[in-house]
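Structural overview
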Amino acid sequence: MLTTERQVEDFITEYRRSRIVAETTVRAVLKRALEHEHKYGKHFFDFSESEILSMFKEAHVISPMSLQNWNNILKHASRWITFKMTGQASNNAYELITKDKIIQCLDLDRKDKSILSREDLTTMQEDLPNWTDMAILELLFLGVGGKWLRELC
């Protein structure tokens with residue numbers, strides 16, 4: 001059996017206690033990892049370094065900070081879930097992922113585009129620490145203007 005919904009929920013509860021993160025970001029990252037569990041036929045915490053890098057590359061992300069954040073979340077989730085399952089902490093392949101390796105996973109073609117897509121906006125919003133900043137980005141994306149534009153900026 002692959003990673004259960006209960007394990008994910010327990011990890012999110014614990015992770016939120018110890019870090020300032022947007023829950024939506026954690027959920028989005030874990031959802032992507034769980035989708036790849038079915039592709040690779042194993043738990044996300046058992047992924048090899050090449051499988052992790054492939055998963056990151058398939059996400060078509062343009063920000064190295066986003067992928068570093070994803071890797072950090074998955075590294076902590078892997079440690080936490082394996083500890084809860086086995087009673088002992090263990091290292092995982094996420095520990096081996098460096099910034100240089102992450103940079104190789106970036107989608108440079110998308111980065112060169114000057115207009116943000118909905119997906120680009122969502123990726124940016126997932127990296128923000130609070131709902132206010134997410135809402136400001138959303139309003140700017142939707143084209144809110146007039147005297148309120150100065151207030152948002």
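Placed above this text is the structure.
Scope of this entry: the structure provided in the associated data block. Residue numbers restart at each chain and count upward from 1, following the sequence in its written direction. With the structure being a predicted model, the display of local features is reserved for residues of pLDDT at least 70 and the display and counting of side-chain atom pairs for 80 or more, all residues being used for whole-chain, interface and lining totals. The basis for every side-chain value is the complete set of heavy atoms in the structure, and neither hydrogens nor water enter the calculation.

**Topic: the packing of aromatic side chains**
Note on aromatic pairs: the rings of Phe, Tyr and Trp (six-membered ring only in Trp) are paired at centre separations within 6.5 Å, and the planes decide the class, stacked below 30 degrees, edge-to-face beyond 60, tilted for the rest. Counted under the stated rule, the structure contains four aromatic pairs. Between Phe44 and Phe45, the aromatic rings sit 5.7 Å apart at their centres with planes inclined by 70°, giving edge-to-face as the arrangement. Here Phe45 falls in the buried class, since its relative accessible area comes to 9%. With a centroid separation of 6.4 Å and 70° between ring planes, the pair formed by Phe56 and Trp70 is classed as edge-to-face. Exposure is judged per residue with a 1.4 Å probe applied to protein chains only, and the accessible area is read against the type maximum: over 50% gives exposed, under 20% gives buried, and values in between give partly exposed.

**Section: the side chain of Ser66**
You can see Ser66 is positioned in helix 4 (residues 64-86). Non-local contacts of Ser66, meaning those with residues more than four positions away in its chain, are made with Val61, Thr123 and Asp127. Helical segments are the DSSP runs of H or I of at least four residues, strand segments are the runs of E of at least two, and each set is numbered from the N terminus. Note on contacts: a residue pair is in contact if any heavy atoms of the two residues lie within 4.5 Å.

**Notes on the pattern of salt bridges**
By definition here, a salt bridge exists when the distance from a side-chain nitrogen of Lys or Arg to a carboxyl oxygen of Asp or Glu is within 4 Å. Per the stated rule, a full pass over the model turns up eight salt bridges. Across the pair Arg79 and Glu95 runs a salt bridge whose closest N-O atoms are separated by 2.7 Å. Highlighted residues: Arg79 in helix 4 and Glu95 in the loop between helix 4 and helix 5 (99-103), separated in sequence by 16 residues. Assessed through its relative accessible area of 31%, Glu95 is described here as partly exposed.

**As for the nonpolar core**
By nonpolar core is meant a set of buried Ala, Val, Leu, Ile, Met, Phe, Trp, Tyr and Cys residues that side-chain atoms within 4.5 Å join together. Of all hydrophobic cores here, the largest spans 31 residues; its most connected members are Phe11, Leu30, Phe44, Phe56, Leu67 and Leu74. Residue assignment for this core shows that the elements contributing at least two residues are helix 1 (5-18), helix 2 (23-40), helix 3 (49-58) and helix 4. The element that contributes the greatest number of residues to this core is helix 4, accounting for seven residues. Not counting chain neighbours up to four residues away, the residues in contact with Phe56 comprise Leu67, Trp70, Asn71, Leu74, Ile97 and Cys105.

**Some points on the environment of Glu23**
With respect to the helices, strands and loops of the structure, Glu23 is situated in helix 2. According to the relative accessible area criterion, Glu23 is partly exposed, its value standing at 25%. Taking the C-alpha atoms as reference, Glu23 lies 9.6 Å from Asn130; in sequence the two are 107 residues apart. Setting aside residues up to four positions removed in sequence, Glu23 forms contacts with Ile12 and Arg16.

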